[in-house]
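Per-entry structural report
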Amino acid sequence: MKNLRYLKPILNFFLIGLIITTISRIILFFIFKERVIENENYWQLFTIGIRFDLIILCYVAFLPTVLISLLPDSSLNYFKKFLNVYFIFILFLFLLMELSTLDFINQYDTRPNRLFLDYLIYPKEVVGTLIKSYLPSLIITTILLVVALFFAFKQGKKLFYPIESAYKTKLFLFPIVAFFLFFGARGSLTTKRPINASNAIFCSDQMTNSLGLNSLYTVAFAAYSIKNEGDVKKYGKMDELEAYTRVKKYMDVTEFINPEIPFLHHIKPDTIQPKYNVVIFLQESLGAEYVGCLNGLPLTPELDKLSKEGLLFTNLYCTGTRSVRGIEQVTSGFLPNPSESVVKLSGAQQGFFTLAEVFGKQNYDTSFIYGGMANFDNMASFFNGNGFKNIIDETDFDTDGKKYAMKGTWGYSDEDLAVKANDYFKSLGKKPFFSLMFSTSNHEPFEFPEGRIELYEKPKNTVNNAMKYADFSIGKFFELAKKEAYFKNTIFVVIADHNTRTYGKNLVPINKFHIPALIIAPNVKKGTTYDNLASQMDIPSTVLALSGITTNSTMPGRNLIKLPKGIKGRTIMLFHETYAFRVENDVIIMNPNAKPLQFKVKSDTELIPTPLNKELAKDALAHIVASSNLYKGRKYRLE
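Residues numbered from 1 in each chain as written. Predicted model: local features only at pLDDT ≥ 70, side-chain atom pairs only at ≥ 80, totals over all residues. Heavy atoms only, no water.

This part covers the packing of aromatic side chains. For the structure on display, the rule yields 48 aromatic pairs. On the numbers, 5.1 Å between centres and 35° between planes, the contact of Phe 87 with Phe 160 is tilted. A residue pair is termed long-range when its members are at least 10 positions apart, and Phe 87 in helix H5 (residues 80-108) and Phe 160 in helix H8 (residues 135-160) qualify at 73 residues. Taking 5.5 Å as the distance between ring centres and 65° as the angle between the ring planes, the aromatic pair formed by Tyr 404 and Tyr 412 counts as edge-to-face. Considered together, Tyr 404 and Tyr 412 belong to a single accessibility category, that of buried residues. The lysine or arginine in question, Lys 248, covers the ring of Phe 256, its NZ or CZ lying 4.5 Å from the ring centre. Positioned above the aromatic ring of Phe 448 is the side chain of Lys 460, whose terminal nitrogen or guanidinium carbon lies 4.6 Å from the ring centre. (Phe/Tyr/Trp six-rings, centres within 6.5 Å; stacked < 30°, edge-to-face > 60°. Helix = DSSP H or I, 4+ residues; strand = E, 2+ residues; numbered from the N terminus. Buried < 20%, exposed > 50% of the residue type's maximum accessible area, 1.4 Å probe, protein only. Lys NZ or Arg CZ within 6 Å of the ring centre and 35° of its normal.)

A separate point is H8. Because each turn of an α-helix spans 3.6 residues, side chains separated by three or four positions in sequence point in the same direction. Lys 154 marks the point of greatest bend in H8, at about 50°. Turning to H8, its buried residues are Thr 141, Leu 145, Ala 152, Gly 156 and Phe 160. Elements in contact with the buried residues of H8: helix H1 (8-31) and H5. (Bend = angle between axes of the 7 residues up to and from the residue. Contact = heavy atoms within 4.5 Å.)

Along the chain, the position of Val 463 falls in helix H19 (residues 463-481). Residues Val 463 and Leu 213, spaced 250 residues apart in sequence, show a C-alpha to C-alpha distance of 29 Å. Those residues in contact with Val 463 that sit more than four places away from it in its chain are Tyr 290, Phe 446 and Thr 500.

Take the nonpolar core next. Ranked by internal contacts, the top residues of the largest apolar core, which has 138 residues, are Phe 425, Phe 477 and Ile 495. Broken down by element, the residue count for this core peaks at ten residues, all from helix H21 (residues 614-632). Beyond its immediate sequence surroundings of up to four residues, Ile 495 is in contact with Ile 280, Phe 281, Leu 282, Gln 283, Leu 316, Val 330, Ile 515, Pro 516, Ala 517, Gln 536 and Ile 539. If you look at the next biggest cluster of nonpolar residues, it comprises 47 residues, including Ile 48, Ile 56, Phe 87 and Cys 203. (Core = buried A, V, L, I, M, F, W, Y, C linked by side-chain atoms within 4.5 Å.)

This part takes up the environment of Phe 281. With respect to the helices, strands and loops of the structure, Phe 281 is situated in strand E2 (residues 277-283). With 215 residues separating them along the chain, Phe 281 and Ala 496 place their C-alpha atoms 8.4 Å apart. Once residues within four sequence positions are removed from consideration, Phe 281 is found in contact with Leu 417, Met 437, Ser 439, Ile 474, Phe 477, Val 493, Val 494 and Ile 495.

Rendered as C-alpha cells:
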C-alpha cells in the first residue's frame with residue numbers, strides 16, 4: 001500500500017465526490033420516497049447511482065492522474081496549486097449541482113438537464129425568478145457553498161497536494177491505473193457503446209430514473225449532446241422516403257405538389273368567403289388542469305364563458321414542456337424534433353415555413369406582441385427571419401408613454417399585453433392582419449397587479465392565482481376587442497404553450513400535456529366542442545383552412561374541422577429526450593439508444609405495458625426521422 005501513497009489526492013477526490021452525490025441521492029430518496037417506492041426494484045437507483053458517479057469522477061480525474069503518474073516529483077511541484085484548485089473546483093461543481101437539484105426537480109420533475117443550460121444565458125430573468133421564488137434555497141445554497149469553499153481551501157493542501165513517491169513505481173503502475181479509469185469512465189467492457197443516461201432507465205417513472213444519475217453528469221451530458229443537434233440516429237434508422245410516406249398516412253391530404261418539398265399541398269376554402277384576420281393568444285403554462293370547462297380547477301371563469309362562443313378542443317395535447325415548443329407548433333406546425341425546437345435551431349432562422357410567411361404573402365400585417373423581451377429563447381431572431389414584419393415587446397411598452405398596470409420579472413402584465421395588442425390592431429384600420437400574442441403572467445414568480453381578481457388562495461403569488469389572473473386578462477382582451485370593428489372579421493385562437501409543471505410517474509406524464517384550445521371565429525359554430533384526440537400541431541392547419549385564403553402549406557397537421565369521421569386521433573409528446581407517439585389509446589415510447597416500448601393508455605395517468613406493434617413503432621420513428629430530414633434538407637418551406 002505504501003507504493004500507492006502517491007494516489008492519495010485522487011482517492012480523496014473520489015471519496016469526497018461520492019459522499020456529496022450519495023448523501024444528495026439519499027436525501028432526494030427520502031423526500032420523494034412515497035413516489036419512488038411504488039416502483040419495483042427502486043433500490044436500483046442507488047447501485048445505478050454509484051455507477052454513474054464513478055463514470056463522471058473517472059472522466060474528470062483522468063488529467064490529474066496523468067500528471068501525478070507521469071511527472072517526476074521535481075516537475076510535479078509546479079502543478080501542486082493547479083491540482084488543488086482543479087479538485088476543489090470540480091467538487092464545488094458537484095456540490096452546486098446537487099444543491100440545485102431539489103428545486104429543479106420540483107419544477108421540471110427531473111434532474112438539471114438542457115433546460116438548466118438554456119436558462120444560464122438569460123441572467124436577468126433567471127436571477128429575478130430565483131430571488132423572488134427561491135430566495136430561501138438561494139440563501140441556504142450560498143451559505144453551504146461558502147462554508148464548503150472555506151474548509152476546502154483550508155484542508156486542500158492536506159487532501160490534494162501530491163505525495164512524493166518512487167518515479168519508477170508510478171510509471172510501472174500507470175497502465176493499471178489508466179485501465180481502471182478507462183473502465184470506470186466507460187462503465188462497461190462488455191457492451192459496444194459506453195454507458196450513457198439511457199442505461200439508468202430501470203422503471204417507468206422518469207423522475208425516479210433520474211435519481212439514479214447525478215446532476216453534474218446530466219448537465220455535462222446535455223452540454224455534450226448539443227453537438228448532436230438534429231442527429232436522430234440514437235432513436236433508430238429509417239430510409240428518408242419511407243419516413244415521409246409513413247407520416248403522410250396521418251395527414252388528411254390526398255395530393256402533394258412538389259417531391260422536393262415532401263409535405264407541400266394546396267389549401268383553399270370550400271366556399272367563397274372573406275379573408276379573415278387571425279389572432280393567436282398563446283397562454284404561458286395554462287394546462288387543462290387549471291381550466292374549469294375542461295374539468296380542471298375553477299380558475300378560468302372568463303375562458304369558460306368564451307367557450308360558449310366558439311369551438312372548444314377538449315382532448316388536445318401539446319408537444320413539449322417549453323414555450324419554444326408551443327411557439328414552434330402554433331406558428332409553423334413543424335413535426336417536433338427531440339433535439340431542440342426550431343425556434344432555437346440555426347438552420348431555421350430564415351426561409352422556414354410559418355403562418356406569418358403565408359399571411360404576409362397575402363398582404364397581411366404580421367406581428368408578434370409580447371410583454372417581455374423578444375430576444376428570450378431566440379424568439380425575435382426566428383420571427384424576424386420567418387415572416388413576422390413587426391415585433392412589439394417590452395422595449396415598446398417602455399417607450400410609448402402610456403401608463404401600464406405592472407412590469408414584473410418577465411415583463412409587462414397580461415392585461416397590459418391585451419391593451420397594447422388591441423391598440424395595435426385598431427391602428428391597422430382595414431388592413432388584414434395575423435398576430436401572435438404571448439402572455440407572461442403564468443410564469444414563476446407569478447407576479448400580477450393588485451385588485452384584479454378574488455384570490456383563489458393565499459399568499460398572492462401562487463400558480464393558481466396567476467392562472468386566475470391570466471384568465472382575467474383573456475377576458476379583458478375580448479372585452480376590448482368586441483368593441484372594435486376588427487372583431488367581427490377575426491379568427492381568435494386561445495391556446496396554451498404547455499403546462500406549468502410537467503411531472504408524473506410514467507415515462508411520459510400524458511396528463512401534464514393536456515392543454516386548452518379555443519377558436520372563436522365568424523365561420524365556427526358557437527358553443528361546440530371537438531372531443532376527439534388531437535395535437536397542438538393540428539391547430540395551425542385548422543386555422544389556415546378557416547382563414548379564407550388560398551395558399552400552399554407544408555404543415556403535416558390536420559384540419560380538425562373537416563377531418564373525416566373514423567380517422568384515429570394522433571398526438572406527439574416530447575418529455576426531455578423521451579418521445580411519445582400516441583394514436584388513440586396506443587402510445588409508443590422511444591428513448592435514445594433504447595428499444596421502443598408500447599403502452600395502452602387506460603387513463604391520462606395510467607399506462608399499461610402491451611406487446612410492441614412493430615408497424616406503429618415504425619410510424620413513430622418515421623415522424624422523428626422525417627422531422628430531422630426536413631430540417632437538415634431545408635425542405636420545410638413554401639417554395
